[in-house]
Amino acid sequence: TLTGQSVLATQARPMIDSMATELESAICNGTTQPIITASGTQLTFTAPDRQVPYHLQQISYTLSGGVLTRSVALSTNTGGPPWTMGTAVTTNSVPSVSNSVVFDYRKQPPAGDTLGQNDPALDLSPSGAAVSAANLPNIREVTMLLTVVPSASHGAGSLTTQGSATLRTPTC
């Protein structure tokens, strides 16, 4: 129904926008890269909160059973490492997600690459595969895609929302 699509749109678009904003402010956790876990269904990274002095947040987005959830663990200390992380709390979610891959990760094109971001060799997670630990520091851009279908529509009337973010500090 149109109402169902409208409700999901008010959940999906803000989730994509929040992901992009948070990813653009991702920072290292002392010596650990900003992105800790990266696959087609899960993304975990660290970013500061907006307080002064700041707490470090460990933010996770996970797609499971058609629901995309956001959870945050906030550091119990401020200002710098070593960080002590508190317990993660789920802060919001988007139901009725029909796509099986939400995240895609790309690395920076080498100098002289004429294909740019369209170069398939830059894809670090083909078909939603997990990014290897060795490639986590190479993630430069994350694309997020959500297709939501209102449960009352029985699979009709989907809504797709997409966004991307470029990491400002992909390595420590």
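One can find the structure itself at the top, above this paragraph.
What you see as residue numbers is a count from 1 along each chain, following the sequence as written. Per-residue local features are limited, in this predicted model, to residues with pLDDT of at least 70; the limit for side-chain atom pairs, both in listing and counting, is 80 or more; totals at the level of whole chains, interfaces and linings are taken over all residues. Calculated side-chain values reflect all of the structure's heavy atoms, with hydrogen atoms and water omitted.

**Some remarks on the sheet that holds strand β8 (residues 159-166)**
Part 1: With respect to topology, 3 strands assemble into an open sheet ordered β6-β7-β8, the strand pairing being antiparallel. With partners counted over all chains shown, the strands left at the sheet margins are β6 (103-107) and β8, one partner each. Direction aside, neighbouring strands of the sheet carry axes that sit 15 degrees apart on average.
Part 2: Two elements, β6 and strand β7 (residues 139-148), share 5 bridges in a ladder whose sense is antiparallel. Opposite Tyr105, over in β7, you have Val142 as the bridge partner. Paired strands, as defined in this entry, are two strands with at least two bridges between them according to DSSP. Helical segments are the DSSP runs of H or I of at least four residues, strand segments are the runs of E of at least two, and each set is numbered from the N terminus. Fitted lines through C-alpha atoms serve as axes, helices being fitted only where they are in contact, and the angles separating the N-to-C directions of these axes extend from 0 to 180 degrees.

**Quick notes on the sheet that holds strand β1 (residues 35-38)**
Part 1: The strand order across the open sheet built from 5 strands is β1-β2-β3-β4-β5, with neighbouring strands paired in antiparallel fashion. With partners counted over all chains shown, the strands left at the sheet margins are β1 and β5 (89-94), one partner each. Each strand of the sheet is rotated relative to its neighbour by a mean of 20 degrees, with strand direction disregarded.
Part 2: Where strand β2 (residues 42-48) lies against strand β3 (residues 56-64), 7 bridges are found, and the strand directions are antiparallel. Bridge pairing in β3 places Gln42 opposite Thr62.

**Some points on the environment of Pro48**
Part 1: Summarising the element assignment, Pro48 is placed in strand β2.
Part 2: The exposure class assigned to Pro48 is partly exposed, which follows from its relative accessible area of 23%.
Part 3: Considered as a pair, Pro48 and Glu22 are 26 residues apart in the sequence and their alpha carbons are 8.7 Å apart.
Part 4: Only heavy atoms enter the contact rule, under which two residues are in contact if any of them lie within 4.5 Å. The residues contacting Pro48, other than those within four sequence positions of it, are Ser25, Ile27, Tyr54, His55, Leu56 and Gln57. Throughout, exposure labels follow a simple rule: accessible area from a 1.4 Å probe, protein chains only, divided by the maximum for the residue type, with under 20% read as buried, over 50% as exposed, and the rest as partly exposed.

**Some thoughts on the pairing of β7**
Part 1: Counting buried positions over the 10 residues of β7 gives 8, a clear majority of the element.
Part 2: Relative to β8, β7 runs antiparallel, the two being bridged by 8 bridges. Within β8, the residue paired with Thr143 across the bridge is Ser164.

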